[in-house]
Amino acid sequence: MRKKVTKAIFPVAGMGTRFLPATKSVPKEIMTLVDRPLVQYAIDEARAAGIKEFIFVTSRGKGALEDYFDHAPQLEQELRKKGKTELLETLKSTNMESGAIAYIRQHKALGLGHAVWCARRLIGNEPFAVMLPDDVIAAEKPCLQQMVEAYAETGGNMVAAMEVAPENISSYGVLDISEEEGQLVKVKGMVEKPEAAKAPSNLAVIGRYILSPSVLQNLNQMKSGSGGEIQLTDAIAKDIEQDNNVYGFRFRGKRFDCGSKSGFLQATVSFGLAREELRDDLRSYLRSISLDENA
Ligand code: UTP
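Residues numbered from 1 in each chain as written. Predicted model: local features only at pLDDT ≥ 70, side-chain atom pairs only at ≥ 80, totals over all residues. Heavy atoms only, no water.

Observations concerning the side chain of Arg208
Right, so step 1: Tracing the backbone through its elements, the reader meets Arg208 in strand 11 (residues 203–211).
Right, so step 2: Ignoring sequence-local partners within four residues, the contact set of Arg208 consists of Glu45, Val130, Met131, Leu132, Asp135, Val136, Ile137, Cys143, Met147, Met158, Val159 and Ala160. (Helix = DSSP H or I, 4+ residues; strand = E, 2+ residues; numbered from the N terminus. Contact = heavy atoms within 4.5 Å.)

What about the confidence of the model for the protein chain?
Right, so step 1: In the predicted model, the protein chain carries a mean pLDDT of 92, and 97% of its residues have values of at least 70.
Right, so step 2: Taken element by element, the protein chain is modelled with least confidence in helix 2 (residues 63–68), mean pLDDT 88, and with most confidence in strand 6 (residues 128–131), mean pLDDT 98. (pLDDT = per-residue confidence, 0-100.)

Some details on unusual backbone geometry
Right, so step 1: With an omega of 10 degrees, the peptide bond between Leu20 and Pro21 qualifies as cis.
Right, so step 2: Note that Pro21 resides in the loop between strand 1 (7–11) and strand 2 (32–33).
Right, so step 3: Positioned with a positive phi, Val34 is a non-glycine residue whose angle comes to about 65 degrees.
Right, so step 4: Within the element layout of this structure, Val34 appears in the loop between strand 2 and strand 3 (36–37).
Right, so step 5: Backbone geometry places Asp243, a non-glycine residue, at a positive phi of 65 degrees.
Right, so step 6: Residue position: Asp243 is located in the loop between helix 9 (232–241) and strand 12 (246–250).
Right, so step 7: The exposed category is assigned to Asp243, whose relative accessible area is 71%. (Buried < 20%, exposed > 50% of the residue type's maximum accessible area, 1.4 Å probe, protein only.)

Looking at the site of the ligand
Right, so step 1: Of all residues adjacent to the ligand, which total 16 residues, the nearest are Met15, Thr17, Arg18, Lys28 and Gln106.
Right, so step 2: The backbone of Gly14 places a nitrogen or oxygen atom 2.9 Å from an oxygen atom of the ligand.
Right, so step 3: One nitrogen or oxygen atom from the main chain of Arg18 is found 2.8 Å from an oxygen atom belonging to the ligand.
Right, so step 4: Its free accessible area being 570 Å², the ligand has 81% of it covered by the protein chains.
Right, so step 5: A breakdown of the residues in the shell around the ligand according to their chemical character gives eight nonpolar, five polar and three charged. (Near = heavy atom within 4 Å. Polar contact = N/O pair within 3.5 Å; in protein donor to acceptor, adjacent residues only side chain to side chain. Areas by Shrake-Rupley, 256 points an atom, 1.4 Å probe, with all protein chains shown as cover. Nonpolar A, V, L, I, M, F, W, Y, C, P; charged D, E, K, R; others polar.)

Quick word on the pairing of strand 9 (residues 173–181)
The side chains of a regular strand alternate between the sheet's two faces.
Right, so step 1: Inspection of the sheet shows strand 9 paired to strand 10 (residues 184–192) by eight bridges, in the antiparallel sense. Its bridge partner lying in strand 10, Glu180 is registered against Val185. (Pairing = 2+ DSSP bridges.)

A closer look at the nonpolar core
Right, so step 1: Counting residues in hydrophobic clusters, the biggest one holds 40 residues, and the most contacted among them are Phe10, Phe54, Phe56 and Leu144.
Right, so step 2: Counting residues per element, the ones that place at least two in this core are strand 1, helix 1 (38–48), strand 4 (53–58), strand 6, helix 7 (143–154), strand 8 (157–163), strand 11 and strand 12.
Right, so step 3: With six residues, helix 7 is the single largest residue contributor to this core.
Right, so step 4: When residues no more than four places from it in sequence are discounted, the contact partners of Phe54 are Ala8, Phe10, Ile43, Ala46, Arg47, Met96, Ala100, Ile101 and Ala102.
Right, so step 5: Core analysis: the second largest hydrophobic core is formed by 33 residues, Ala115, Cys118, Val130 and Ala237 among them. (Core = buried A, V, L, I, M, F, W, Y, C linked by side-chain atoms within 4.5 Å.)

Here you go:
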C-alpha cells in the first residue's frame, strides 16, 4: 500500500522583490485576492487533497503570515453578538487546529531547494507535497487533489506541468519528456531556466509537487545551481539518475502567476468575476473601460 501524502511544505521565505514596496512590510502570501490572502487559497487546496500537516518555511518579516492563522476570539465574539453568522463561518473556516501548522526558518534565501531542505526533519521518511502559494490555480477539482489521485496510481515524484510560450520558457524549470500518456508525462530530465533555444520541451513546472523523501537526501548533497541558488528542480532531476520515476502532470485548471504584478491583476479580475456578488458590477466596469481606452 502506498503511503498517503499528509504533509505539505509551503516555502514562503523569498523576498518578494517584484512587489516592493508593498512587501517591505507585508509578506507576499498575505496579499489579498478579492478578500482572502493568497495563502488561504493554498491551504484550502491542500486540505481538499487530504493534507493534515502544514509546514511553512519562513524568513524575517513574515510575522503577519504566522498571525493570520491564529484564532480571533474577540472578533468572533463581536460577530456573534451582532448576529453576523455568515462572516463568522467565513472566519472560522480559516482557523487551524493546534499542532497542524509548523514554522521553520530559512535563515538565508538560498533558493527553493534549500527552503524545502530546511523542513526535512519534519518530513521524515514519507512522501510530501510542496506548494508555492503565489501560484494560484482556479480549477473545478483543486490541482493538488488531482495530483494526489494520479500519484496513488504512479508513486515516484510528480510535478504539475503546463505548456508555456517560448518567450517565457526561460523563467521555469522545463521537462525533458520520454513518454506521454494522457495527462501524465514520464520525465527523463529537467532543466532549470533554460534558454528558449535549448529548452527540451515547452512543458514547464509550476508550484505544485509531490515528492519522495529521496529528494531530500539529494538536497543534502546539493551545491548551488542556476542563479547561484539551490534548485529543487536539480534535486528532483537527480532522482531520475537514481532510477526513481518522475512524472509531469498536466493538471486541469487555470494557473495565475501571482508572484508577478500582471498575473496578480489577472487573477484579481478572474476571481472577482467568479464571485456572484461581484460579477455584475465588475463586468459592467470592465465593459465600460474596454470601450473607453483612456480610463
Ligand atoms: P520566487 O522566485 O518567486 O522569489 O520564489 P520571491 O523572493 O518569492 O519573489 P521575487 O522574485 O523576489 O519577487 C518562488 C517561491 O519560493 C520561495 C518563495 O517564497 C516563493 O514561494 N523561496 C524562494 C523560498 O522560500 N526561499 C528561497 O530562498 C527562495
